[in-house]
Amino acid sequence: MTNKILVIARKELFTYFKSPIAYIILVVTTSVFNIFFYMIIDQNREATLHDIFQVMEFMFVFLVPLLTMHVFAEEKATGTMEFLMTTPTTNTDIVLGKYWGSFIFFSLMMVMPAVYYLIIEYFGQPDRWAVATGFFGLWLEGAFFVAIGILTSSWARSQVVAAISAYATIFLLYFSVSFLKYFSGPAVEVIRYLGTLGHAANFAVGLITPGDIAYYVSGIIFCLFLTRISMENRLWH
Amino acid sequence: MIIAQKISKYFGKVEALKDISFEIGQGEIVGFLGKNGAGKTTLMRILTSYLTPNAGRAFIAGKDVTQKGVAVRRHIGYLPETPSLYPYMTVREYLKFAAQLKDIPVRHIGRSIAKVLDDCRLSYVQNTLIAHLSKGYQQRIGIAQAIIHDPAVLILDEPTNGLDPTQIQQVRKLIKDIEHQRTVLLSTHNLFEIEKIARRILIINRGQLIKDQSLESLLKEEGATGLEEVFLKLNPPQVERSDD
């Protein structure tokens, strides 16, 4: 990672914590996760985080676009993009720096739920491997959603448009398996592979497959690559 | 130091720049004039490699702005038309961020910030949030970030835009103070300011370069006593039609 990527990532984190939305998101997500964790454990009486992982995944679908909508859109609307792009910094450094800043902030949302493991470990005998892979899968999925949010933010000047585009893309990936019954033949397998639910479900039950990791990693790289193209495309217009 | 060769730029079907060519030598201070929408900002953005021309080439310090954008930007200090500032940062935080992006070695960053704070008379407000500062201060912060890496070329797009007369005088003095040994391309609507600072004038109209000569010879050629007279002669005001 180059020094410029670190500088931009640090500035992105700084931007989050200079705005009340960062604190609101952290407090709201932690509170909601805590409530669901209590309800699920209270009802099931099982030393597993499987169900809370599903709740967290569903929450990230709604939260990540709120986190990422400002990343490029705000810089374009306020004119600071011109400052960034007229410094001796490459477009790749800008994209990666912004991505890392947002991803680190997203990772902070995963810190509190890590305490849930300690709680179930204290009261029961959880499947440690399934907990670890579940967290890893959720983290990878969040990383993918952040990359999608960064991409849609690079398309727009308005944060609202950036957020709506991110919601549309993430919803499509998240809910795509619900529409499988309307398709037949090879399309079913393609849609099943493109949807996020199946991949995350594997991680949640302790399965780590190269195909699932490749899905998320290639998705992240593809979105960041498109973000870079989106920045360069602007140079021609 | 700055070479433009037959630069053209289109935005859709609109031809913003048509075959613009000129050369600016080291240490020259050049005033760049034109009406709103004439193409000044577009040309400046091309020179800073922020925009890519559709035709033609530009070189800064011998480097092609399209091919070697990052290397070119190391030689340029650029003040955009709209101050590109982060309102939630203090002046010092912003200048540190700018210094880090402009490849100033870590051990020199403190010294570079102290110098531009002093040069731009910002020391007093260095720990103030940018959002809390007046437009005059914000313009000075913009100039401070433009010169923090001691660039050989300064491109200033409307540095006195929206300032009151006192602030204009302060910014003009600041430009005079920092111009030494630098090549400066300065765009402004304040013709009095150009007369005070620049020795050579470029005038652009509807994307075409219509004048490129010394201030003295331009005034002589047009038989004018001031730049305003020349400008109005070359860019006559449009007569507004009444439909009554």
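Starting from 1, residues in each chain are numbered consecutively following that chain's sequence as written. Naming scheme: in the order in which they are written, chains are lettered from A and ligands are numbered from 1. Where local features are concerned, this predicted model is filtered to residues with pLDDT of at least 70; where side-chain atom pairs are given and counted, the filter is 80 or more; whole-chain, interface and lining totals use all residues. Only hydrogens and water are set aside; all other atoms, that is, all heavy atoms of the structure, feed into the side-chain values.

(A) Geometry of the environment of Asp64 of chain B. All names here are of chain B. Starting at the N terminus, helices and strands are each numbered in turn, a helix being any DSSP run of H or I of at least four residues and a strand any DSSP run of E of at least two. Summarising the element assignment, Asp64 is placed in strand E5 (residues 63-64). Each C-alpha atom, one on Asp64 and one on Glu81, is 23 Å from the other, the two residues being 17 residues apart in sequence. Other than its neighbours up to four places away in sequence, Asp64 contacts Arg57, Ala58, Phe59, Gly69 and Val72. Here a polar contact is taken to be a pair of N or O atoms separated by no more than 3.5 Å, where protein atoms must pair a possible hydrogen donor with a possible acceptor and residues adjacent in sequence count only if both atoms sit in side chains. A polar contact of 3.0 Å, which involves the side chain of Asp64, links it to the side chain of Arg57. Within polar-contact distance, the side chain of Asp64 engages the backbone nitrogen of Gln67 at 3.3 Å. By definition, residues are in contact when any of their heavy atoms lie within 4.5 Å.

(B) Region of the structure containing the environment of Pro65 of chain A. Residue and element names in this part refer to chain A. Structurally, Pro65 can be placed in helix H3 (residues 50-68). Partly exposed residues are those whose accessible area sits between 20% and 50% of the maximum for their type, while under 20% is buried and over 50% is exposed, using a 1.4 Å probe and protein chains only. Residue classification places Pro65 among the buried residues on the basis of a relative accessible area of 1%. As for Pro65 and Phe83, which are separated by 18 residues in sequence, their C-alpha atoms are 25 Å apart. Discounting residues that sit within four places of it in the chain, Pro65 has contacts with Phe60, Ala163, Ala166, Tyr167 and Ile170.

(C) Highlighting the pairing of strand E2 (residues 14-24) of chain B. Residues and elements named next belong to chain B. Pairing between two strands is assigned when DSSP locates at least 2 bridges connecting them. When strand E1 (residues 2-11) meets E2, the two strands line up antiparallel, connected through 7 bridges. By the bridge assignment, Phe11 is partnered in E2 with Val14. Following E1, the chain reverses through 2 residues before pairing antiparallel with E2; Gly12 in that reversal takes a positive phi of roughly 65°.

(D) Geometry of the sheet that holds E2 of chain B. Residue and element names in this part refer to chain B. With antiparallel pairing, 4 strands are arranged side by side in an open sheet as E2-E1-E4-E5. Looking along the sheet, the strands with just one partner apiece sit at the ends: E2 and E5. Of the pairings in the sheet, the one linking strand E4 (residues 55-60) to E5 comprises 2 bridges and is antiparallel in character. The residue of E5 that forms the bridge with Ile60 is Lys63. Fitted lines through C-alpha atoms give the axes, limited to the stretch in contact for helices. The angle between two N-to-C directions lies from 0 to 180 degrees. Against the sheet, helix H1 (residues 40-47) touches E1, E2 and E4, its axis set at about 60° to E2.

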